[in-house]
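Topology and contacts: notes
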Amino acid sequence: MTAPTEDNTALAFPIPRTCPYQLPAEYAGLRENGPVSKVTLPTGRPAWILTRYEDVRKALTDPRLSSDRGHPDYPMLVEQAKSDRDSTLSLAGMDAPEHTTARRAVVGEFTFRRMEALRPRVQDIVDACVDEMLAGPKPADLVKALSFPVPSLVICELLGVSDADRDFFEDRTSRMLSMALPPLTRQQAFFDLQTYLDELVTAKEKAPEDDLLSRQIAKGRQAGTYDHAALVDLAFLLLTAGHDTTGNMISLGMLALLERPELRARITDDPSSTPDVVEELLRYFTITDIITARVAKDDVEIGGQTIRVGEGVFALGGAANRDPAVFENPDELDVDRGARQHLAFGHGPHQCLGQSLARMELEIVYETLLRRAPGLRLAGSVDDLPLKHDAAIFGLHGLPVTW
């Protein structure tokens, strides 16, 4: 095996995707010749990237690698305004034991059983969005008509947020996650969201309803552990993460289904195969590839390379999900591979809390849209699609379709 790269600081990271279907071409070479490589972040600071499946899994479960975003050495992709660093975004920025306690308090809201009980309501939301799109002009932008409205409406309903505020949340979340905007612009978006959610939680405290936030308030008060600020942070995390990731996966997955008639037929001819299609699409795209960052609290050896205290690490789930040592012909979209061991939702203590909800939304959207719009097709060329090079979560800015 080629020795890990120790001084490859000339390699700039993140490496942009140039095709909606493929990860950066450099990943394969790094995985083979330098699976633990040092890179330079946009901030000018060095960090390590991991590209092998085995190493990524290890990093995401090693307690010596911290998720604490308030740590002074945490590897930020862009310069952060002070207010951004002051917020740990609740679960996403915690380590055990605080993370274990906080996650246990909310995990019951996202069980498979609770998500299945929500399925009829998600179906209603999807049907309404499809109705509106099909009744409107052609071509339509699937991103605006379906991809983002569906998860936004679902997560807003879960949290007890007014539908009228959905555009506000989509706009502010997009600004906050953009790596192209200046820190002050992202800071203002952060402030806007945090202020709204602070007021929303306060309203739920005074007049509880049947929603996730109200149930968390009641549970915390009963246990004598209620923390207003912590619930605001949790709401912030769920709202921003709960719609941006799923929205981007809806767009990319539909693009693949429109371009691959045989995949489309799997769903339309046998809807029971939809979950297998969804799993492979999740593995294939791995849109959260670059956000699994950690900082070393102690020296850690991974892949034969010692990562020192204070050094940053990016465990690249996308590179891991294309590792030929684990997935045969990994660059092929193969719905028969049964790849449930993929890392699209992360791994370990911070594995995505809402993965059952995301899977259900994707299944319902793909099956419903293909069934109700059998003539749906891309309106334009794949080469002209606007890729999200400027965001931490990969996706499409637009997806023109007609029928």
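A quick note: this is a predicted structure, and the numbers were derived from the prediction, not measured. (Residues numbered from 1 in each chain as written. Predicted model: local features only at pLDDT ≥ 70, side-chain atom pairs only at ≥ 80, totals over all residues. Heavy atoms only, no water.)

Across its full length, the protein chain carries 15 helices and 10 strands. Projecting the C-alpha coordinates of the protein chain onto the three principal axes gives extents of approximately 55 × 55 × 40 Å. Counting every position in the protein chain, which comprises 403 residues, the buried fraction comes to 54%. The long-range fraction of contacts in the protein chain, counting pairs at least 24 apart against all pairs at least 6 apart in sequence, stands at 73%. A total accessible area of about 17,100 Å² is found for the protein chain, and carbon and sulfur atoms account for 51% of it. Across the protein chain, the centroid of the 43 positively charged side chains sits 2 Å from that of the 61 negatively charged ones. (Helix = DSSP H or I, 4+ residues; strand = E, 2+ residues; numbered from the N terminus. Buried < 20%, exposed > 50% of the residue type's maximum accessible area, 1.4 Å probe, protein only. Contact = heavy atoms within 4.5 Å. Areas by Shrake-Rupley, 256 points an atom, 1.4 Å probe, with all protein chains shown as cover. Lys, Arg positive; Asp, Glu negative; His and termini not counted. Charge placed at Lys NZ, Arg CZ, Asp CG, Glu CD.)

Where helix α8 (residues 166–177) meets helix α11 (residues 228–259), the closest approach of the two axes is 10 Å, and the angle between their N-to-C directions is 90°. With respect to their mutual orientation, α8 and α11 come out roughly perpendicular. Contacts between α8 and α11 involve Phe169, Glu170, Thr173, Met176 and Leu177 from the first element and Phe236, Leu239, Thr240, His243 and Asp244 from the second. (Axes fitted to C-alpha atoms, helices over the stretch in contact; angles between N-to-C directions. Parallel < 35°, antiparallel > 145°, perpendicular 65-115°, else oblique.)

Here we come to the pattern of salt bridges. Within the structure shown, the criterion is met by 26 salt bridges. For Arg260, the salt bridge goes to Glu262, with nearest N and O atoms at 2.4 Å. Since its relative accessible area comes to 42%, Glu262 is described here as partly exposed. Through salt bridges with shared partners, one network takes in Glu109, Arg114, Asp210 and Arg215. (Salt bridge = Lys/Arg side-chain N within 4 Å of Asp/Glu carboxyl O.)

Let's shift gears to the sheet that holds strand β8 (residues 312–315). As summarised here, the arrangement of the 5 strands in space is β1-β2-β8-β5-β3, forming an open sheet in which the pairing is mixed. The open sheet has two edge strands with one neighbour each: β1 (36–40) and β3 (65–66). Summarising the sheet, strand β5 (residues 293–296) and β8 pair through 3 bridges and their orientation is antiparallel. Following the sheet pairing, Ala293 is matched in β8 by Phe314. (Pairing = 2+ DSSP bridges.)

It is worth spelling out the sheet that holds strand β4 (residues 140–141) at this point. Overall, antiparallel pairing links the 3 strands, which are arranged β4-β10-β9 in an open sheet. Of all strands in the sheet, those bounded by a partner on one side alone are β4 and β9 (377–378).

Taking burial as the measure, the 5 residues of strand β2 (residues 46–50) include 4 buried ones, the bulk of the element. Summarising the sheet, β1 and β2 pair through 5 bridges and their orientation is antiparallel. Paired with Lys38 across the strands is Trp48, a residue of β2. Following β1, the chain reverses through 5 residues before pairing antiparallel with β2; Gly44 in that reversal takes a positive phi of roughly 95°.

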